[in-house]
Structures are given as C-alpha cells and as structure tokens.
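So you can see what is in the structure, the chains are spelled out below.
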Amino acid sequence: INKIGLIGAMNEEIELLIQAMTGVKETKKAGITYREGLFQGKEVVVCRSGVGKVNAAVCTQILIDQFGVNAVLFTGVAGALDPELNIGDIVISTACMQHDMDVRALGFPRGVIPYEEVSTFAADPELIKLADAASRELFDGRTKQGLVLSGDQFVASRELVAELFHDLGGSCTEMEGAAVAQVCSMNSVPFVVIRSMSDKADGSAHVNFAEFTKQASENSHRIIEHMVRSI
Ligand code: ADE
C-alpha cells in the first residue's frame, strides 16, 4: 500500500484529517473535492463523499481510477444495532451489506444483489487487524468487529433496529460503507470501514446524532491516525 484513500461522508468526519495533512493539492471531480497530500508520513487522498450510497460509490471509483489509491479507509459515525454497543463505541467492518437491497418479491433473500448472488463484501483481513489493534489500544473494551449495514435511510426506529440486528446480523447501520465496499471489491482494492457510534438508531437517534457526531467522528479519526502510521 503506497497511496491511501480516506473517505468520510460529512465535514465532521474529515475535518481533523484535513487539519493534519501537509502539502495539500486540491482537485475537484464530479462535485467532490479531493485533497492529495501527506498524513502521518503517508501519501493519502482525503475526500468528503457526501451522504448516501451513490455519492460514496462515485467517490470511491474516482479515488481508484483518477488518483490510483490502492487501499480505502472509511471514517465516520453510525447508528448502533448491537445492543451491547454504546454511543462512542467502535465498529470495525468484517464485511458490509446494503440493507435496502430488497428483491424478496422475486425470491432473493434481503440484501442479496440479484443475479450476482452476493450480499456481503468482505473487508481486507490485514486492514481489519491494523484497525483492531489501533482501536484496542485507544478504546480498550469498546471495540467490536462486525457486519456494517448501509442503506439510503437514517434509521430511527426500534423495530427496524431489531430487524437489522436479528435478521441481517448487522452491528451498526450507516449510509455509505457497503457502496465503498462494493466498488472496492469490483476493483480488487482492499478496504475497511471504521465507525464510531453517534446514536442507537432508535427514537432518540436524531437528538443523539446531533449531540454526539463530533465526538464519535473524533474517535474514528484517532483510529485512522494510528492505523495510517503503521501501514
Ligand atoms: N449514521 C449515524 N447514525 C445513523 C443512523 N441512525 N442511521 C443511518 N446512518 C447513520
């Protein structure tokens, strides 16, 4: 790995990266600003994809094609699905799935992309290891590895949380990870998604999200910082 793509969906999720970068060169493509430079002594390209799977997919493909990144790390916040996870805790993706890919009417299980017969995109084992080591050092006992579920939906109901946790086995839910994962898999580029919990995707999610996104973004950022140093 000699050039790392670092993606966040929102300003809060990438502002600490931008502050810490040196020798920055900015390029705009498809409405997204790409910042090439050095972070922790490594060549990186930092960008804010914008929210949702389409934004994340376009951003990831451009990082690969135009900027030649050979690994992608996603940093940001998510809603916890696993009841053992608390606000501020960390989830490292073992794999990602689109929870809103739903072709059950034609007999495909929820999450499965028709005619491709796949639903989950596995994260890179080496990147998982690095993220896990960093997270355990910084947030001892507050880290889980698990399935990250993505959909173009802010989840804010206990019913949906129960479905996503019990039926699909998700640890947390957000709106970009599975798109990044799928594009990386299509291009054979290693990736991992790191998310800190801003809320529990329940009836209080909108309040918690507003209150805890900054702190959770910082938690995720610290893991990225630690990881990039050791890549
Ligand atoms: N990102 C942070 N919290 C979320 C939630 N509850 N649903 C979707 N994306 C999120």
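Not measured: the values here are computed from a predicted model.

1. Focus on the overall build of the protein
Then comes step 1: If you tally the helices and strands in the protein, you get six helices and ten strands.
Then comes step 2: Relative to its length of 231 residues, the protein is compact, with a C-alpha radius of gyration of 16 Å against a globular reference of 17 Å.
Then comes step 3: Dimensions of the protein along its principal axes, counting C-alpha atoms only, are 50 × 40 × 30 Å.
Then comes step 4: Restricting the contact set of the protein to residue pairs at least 6 apart, pairs at least 24 apart contribute 76%.

2. Some details on helix α2 (residues 53-65)
Then comes step 1: In a regular helix each residue adds 1.5 Å, so 13 residues correspond to 18 Å; α2 covers 18 Å between its end C-alpha atoms and thus fits that length.
Then comes step 2: Residues of α2 that are buried include every one of K53, N55, A56, C59, T60, I62 and L63, and no others.

3. Notes on the UniProt feature "domain: Nucleoside phosphorylase" (unreviewed entry) in the protein
Then comes step 1: The UniProt entry lists residues 3-229 under the feature "domain: Nucleoside phosphorylase" (unreviewed entry), expressed in the numbering used here.
Then comes step 2: End C-alpha to end C-alpha, residues 3-229 measures 13 Å, and it is 36% helix and 32% strand.

4. Comments concerning the site of the ligand
Then comes step 1: Around the ligand, a shell composed of 14 residues is seen, among which G79, F154, V155, E174 and A201 lie nearest.
Then comes step 2: Of all the secondary-structure elements, those providing two or more residues to the shell around the ligand are β5 (71-80), β9 (170-174), β10 (191-199) and α6 (205-230).
Then comes step 3: Sorting elements by how many residues they give to the shell around the ligand places β5 first, with three residues.
Then comes step 4: For the shell around the ligand, the residue count by class is nine nonpolar, three polar and two charged.

5. Concerning the nonpolar core
Then comes step 1: Ranked by internal contacts, the top residues of the largest apolar core, which has 66 residues, are V72, L73, A131, V180, V192 and I194.
Then comes step 2: Beyond its immediate stretch of four places on either side in the chain, V192 contacts L73, I92, S93, A123, D124, L127, I128 and A131.

6. A word on unusual backbone geometry
Then comes step 1: Although it is not a glycine, Y115 adopts a positive phi angle of roughly 65°.
Then comes step 2: Here Y115 shows up in the loop between β6 (90-98) and β7 (120-122).
Then comes step 3: Of the residues examined, Y115 has 8 C-beta atoms within 10 Å and is grouped as exposed.
Then comes step 4: Positive phi, close to 55°, is recorded for S188, a residue that is not glycine.
Then comes step 5: Within the secondary structure, S188 sits in the loop between α5 (177-186) and β10.

7. Focus on the environment of A133
Then comes step 1: Here A133 is to be found in helix α3 (residues 125-138).
Then comes step 2: We classify A133 as partly exposed; it has 15 C-beta atoms within 10 Å.
Then comes step 3: Each C-alpha atom of the pair A133 and H226 lies 9.1 Å from the other, and the pair is 93 residues apart in sequence.

8. Side note on the environment of T60
Then comes step 1: Counting through the fold element by element, T60 comes out in helix α2.
Then comes step 2: Separated by 102 residues in the primary sequence, T60 and A162 place their C-alpha atoms 30 Å from one another.
Then comes step 3: Dropping the residues within four chain positions of it, T60 is found in contact with I7, V72, V180, V183 and C184.

9. Let's talk about the pairing of β5
Then comes step 1: In terms of burial, β5 is a largely internal element, ten of the ten residues being buried.
Then comes step 2: Pairing between strand β1 (residues 4-8) and β5: four bridges, direction parallel. Bridge pairing in β5 places G5 opposite V72.
Then comes step 3: Sheet analysis places β5 next to β10, joined by eight bridges and oriented parallel. Within β10, the residue paired with G76 across the bridge is R195.
Then comes step 4: In this structure, β5 lies alongside β9, joined through two bridges in antiparallel fashion. Bridge assignment links A80 to a residue of β9, and that residue is C172.

10. Quick look at the pairing of strand β2 (residues 22-29)
Then comes step 1: Sparse coverage of β2 is indicated by the burial of zero of its eight residues.
Then comes step 2: In this sheet, strand β3 (residues 32-39) lies alongside β2 in antiparallel orientation, the contact comprising six bridges. Paired with K28 across the strands is T33, a residue of β3.

Definitions and cut-offs
Residues numbered from 1 in each chain as written. Predicted model: local features only at pLDDT ≥ 70, side-chain atom pairs only at ≥ 80, totals over all residues. Helix = DSSP H or I, 4+ residues; strand = E, 2+ residues; numbered from the N terminus. Rg over C-alpha atoms; globule rule 2.2 N^0.38 Å. Contact = placed C-beta atoms within 7 Å. Expected span 1.5 Å × (residues − 1). Buried ≥ 20, exposed ≤ 12 C-beta atoms within 10 Å, placed from the backbone. UniProt positions renumbered as here; feature names shortened; annotations may be inferred. Near = placed C-beta within 6 Å. Nonpolar A, V, L, I, M, F, W, Y, C, P; charged D, E, K, R; others polar. Core = buried A, V, L, I, M, F, W, Y, C linked by C-beta atoms within 7 Å. Pairing = 2+ DSSP bridges.

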